[in-house]
There are 2 protein chains.
Amino acid sequence: MLTAERHDYILNKLRETGIVRLQELVNELNCSESTIRRDLTYLETKGLLKRIHGGAKRLYTVEEELTIKQKSVKNVHEKQLIGKLAASLVTDQDVIFIDAGTTTLEMIQYLPMKKDITVVTNGIHQATLLTDLGIRTYLVGGRLKNTTKAIIGASAIAQIRSYQFNKCFLGINGIDTEFGFTTPDPEEAAVKHAALRQSAHPFFLADYSKFEKVNFAKVCDLDDAAIITAGINEKNRSRYQKFTTVLEAKE
Amino acid sequence: MLTAERHDYILNKLRETGIVRLQELVNELNCSESTIRRDLTYLETKGLLKRIHGGAKRLYTVEEELTIKQKSVKNVHEKQLIGKLAASLVTDQDVIFIDAGTTTLEMIQYLPMKKDITVVTNGIHQATLLTDLGIRTYLVGGRLKNTTKAIIGASAIAQIRSYQFNKCFLGINGIDTEFGFTTPDPEEAAVKHAALRQSAHPFFLADYSKFEKVNFAKVCDLDDAAIITAGINEKNRSRYQKFTTVLEAKE
DNA sequence: ATGTTTTTGATTGAAATTAACCGCTTTCAC
DNA sequence: GTGAAAGCGGTTAATTTCAATCAAAAACAT
């Protein structure tokens, strides 16, 4: 057993389980305690893991990057609650679509990393974060919109139509009993609509500020998708529950 | 057993198993330890493998460990010169492809912004920067590679095939008179090849450190594309000018 | 055939890697 | 708290692997 082989083995195991025990490695790699200790010490100096009593754990630098990007976003707390709830709906083997936008960005950090999931997205930031977390990610191709860094256009829609999703998680700007789900840009609306059509269980992520608002382009009717929200008032909750499922995230 | 035969055997075995033991090779190739050592040393100087204690391993995994941020510090000055020259080749109404990678990233800031150009890219960073500069940008869709933030895979290639480019600007890891243009990841090589096929005028951007290097996956032969470089020495310039156009960027 | 260059194999001391041992610290159950 | 068990770093000696050297063998040109 060569040194590099052991190192690969350790790092791979760490990637999967998040933590490794020294004694386990001694058995599995069939070598002495000293050798494993030396390996762990070396890999720590390389910045590839963090040693802990009895073994080593994987380190996350990604979380630090997250906090930087989160600034300049309104209703952060509600969005985090929504993100956590949305992520909890994702199960093993799922193939999901995640829309561009700040609200959907929040859910990514809570995704079940250990499970085998595939994510398709049209958001640049979403895609970057997802791969950083080691999740299998597909980015939809097409024209890149300057302001929102979302991919839109006919090519994007065509590509989305070639997939089938278990669930999709979409951002939205306006929710209204009469006009349904609406957003300012017709092209973004078209992309959302396409993703929704390909999904067995579509969800809209929206904090309380999005209710009773109407925007230019309609995505779909209220009863076409469920709503995941937080901080909603009693009046709106009872009103919108008549039309569709409203999942409310709590502390 | 000829030298070239042994080299092929070693590289093939390395391709399959990712790691080779020196003693194994001695038995399998039926020659002395010294000979194998010599082979391994030579192949390492050619950049085809990484020697380790007791044998050798694939270079491919090592390259992955280098993040894009670590790479971008090397040869910055040369890359800027190259970028400036490359950008000066772009003219009004051009539809161009820009590859992922740090070298191509440098050329974007010099692009003629006032002119009407369209850019297609498979690099996340490239796409972000291009839209920030107000350039009409299309991002190719497909699987997102974690380490280089490049989009690869069959879907990306299919999409590239549906376009026609006036010019394409590709990054590259190895340039060699015998093996042509090479890069570590076969999937990235396939994307580069596809873009090159759709381009009237393909260019490779490479600083001096890329010459006389060979990587795992071949993109094309030397005479299939022009080279834009900087800081190249006299010997390499005269050698490579025999095979293809070499544009050298100066202060 | 002769001399030259290239390739190969064997030998060497140096360097790297390893397992085992030691005394010490941390952790955990009671 | 207290003792046992597990985990820790450091040292040691044996083993393996390494690079360098040199001479034999093979390939080559003249």
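Bear in mind that the values here come from a model prediction, so they are computed numbers and not experimental data.

### Observations regarding the packing of aromatic side chains
Overall, the coordinates contain ten aromatic pairs over all chains when judged by the stated rule. Seen in terms of ring centroids, Phe169 of chain B and Phe203 of chain B are 5.4 Å apart; in terms of plane orientation they differ by 10°. Their pairing is stacked. Here Phe169 of chain B, found in strand 9 (residues 165–171), pairs with Phe203 of chain B, found in strand 12 (residues 199–205); they are 34 residues apart in sequence, far enough to count as distant. Judged on exposure class, the residue Phe169 of chain B and its partner Phe203 of chain B are both buried. Aromatic rings pair up to connect Phe97, Tyr163 and Phe165 of chain A into one cluster.

### Here we look at the domain arrangement of chain A
What the domain assignment reports for chain A is domain 1 (3–57) and domain 2 (62–248). Between the C-alpha centres of domain 1 of chain A and domain 2 of chain A the distance comes to 38 Å.

### Considerations on the interface of chain A and chain B
Taken residue by residue, the interface counts 23 residues in chain A and 27 residues in chain B. Here chain A and chain B share an interface that buries about 2100 Å² over both sides, 59% of which is from carbon and sulfur atoms. A salt bridge links Asp132 of chain B to Lys149 of chain A, with the shortest nitrogen-to-oxygen separation between them at 2.8 Å. Our count for the contact surface shared by chain A and chain B stands at 13 residue pairs in polar contact (both at pLDDT 80 or more). Among the secondary structure elements, those contributing two or more residues to the side of chain A that touches chain B are helix 1 (3–17), helix 7 (124–132), strand 6 (136–139), strand 7 (142–144) and helix 8 (154–161) of chain A. Ranked by residues supplied to the side of chain A that touches chain B, first place goes to helix 7 of chain A with five residues. Inspection of the sheet shows strand 6 of chain A paired to strand 7 (residues 142–144) of chain B by two bridges, in the antiparallel sense. Paired with Leu139 of chain A across the two strands is Gly142 of chain B, which belongs to strand 7 of chain B.

### Examining the confidence of the model for chain A
Within chain A, residue pLDDT values average 89, and 94% of them lie at 70 or more. For the stretch residues 62–71 of chain A, pLDDT sits under 50, and the model shows twelve contacts to residues farther than four places along the chain or on other chains.

### Quick notes on the sheet that holds strand 1 (residues 19–21) of chain B
Residues and elements named next belong to chain B. As summarised here, the arrangement of the three strands in space is 1-3-2, forming an open sheet in which the pairing is antiparallel. Two strands in the sheet have a free side with no partner beyond their single neighbour: strand 1 and strand 2 (50–52). Across the sheet, the mean angle separating the axes of adjacent strands is 25° when strand polarity is ignored. Each of strand 2 and strand 3 (55–57) is contacted by helix 3 (residues 33–45), which is oriented at about 140° to strand 2, the strand it contacts most.

### Quick word on the protein's contact with DNA strand C
Neighbouring DNA strand C are 17 residues; Arg6, Ser32 and Thr35 of chain A together with Arg6 and Thr35 of chain B lie closest to it. Among all atoms of DNA strand C positioned within 4 Å of the protein, those belonging to sugar or phosphate total 58%. Side-chain polar atom of Arg6 of chain A to a phosphate oxygen of DNA strand C: 2.7 Å apart, as the coordinates give it. One of the backbone nitrogen or oxygen atoms of Ser32 of chain B is found 3.0 Å away from a phosphate oxygen of DNA strand C. Of all the elements in the fold, those that place two or more residues in the surface near DNA strand C are helix 1 and helix 3 (33–45) of chain A together with helix 1 (3–17) and helix 3 of chain B.

Rules behind the numbers
Residues numbered from 1 in each chain as written. Chains lettered and ligands numbered in written order. Predicted model: local features only at pLDDT ≥ 70, side-chain atom pairs only at ≥ 80, totals over all residues. Heavy atoms only, no water. Phe/Tyr/Trp six-rings, centres within 6.5 Å; stacked < 30°, edge-to-face > 60°. Helix = DSSP H or I, 4+ residues; strand = E, 2+ residues; numbered from the N terminus. Buried < 20%, exposed > 50% of the residue type's maximum accessible area, 1.4 Å probe, protein only. Domains from an automatic or database assignment. Contact = heavy atoms within 4.5 Å. Buried area = accessible area lost by both parts, 1.4 Å probe. Salt bridge = Lys/Arg side-chain N within 4 Å of Asp/Glu carboxyl O. Polar contact = N/O pair within 3.5 Å; in protein donor to acceptor, adjacent residues only side chain to side chain. Pairing = 2+ DSSP bridges. pLDDT = per-residue confidence, 0-100. Axes fitted to C-alpha atoms, helices over the stretch in contact; angles between N-to-C directions. Near = heavy atom within 4 Å.

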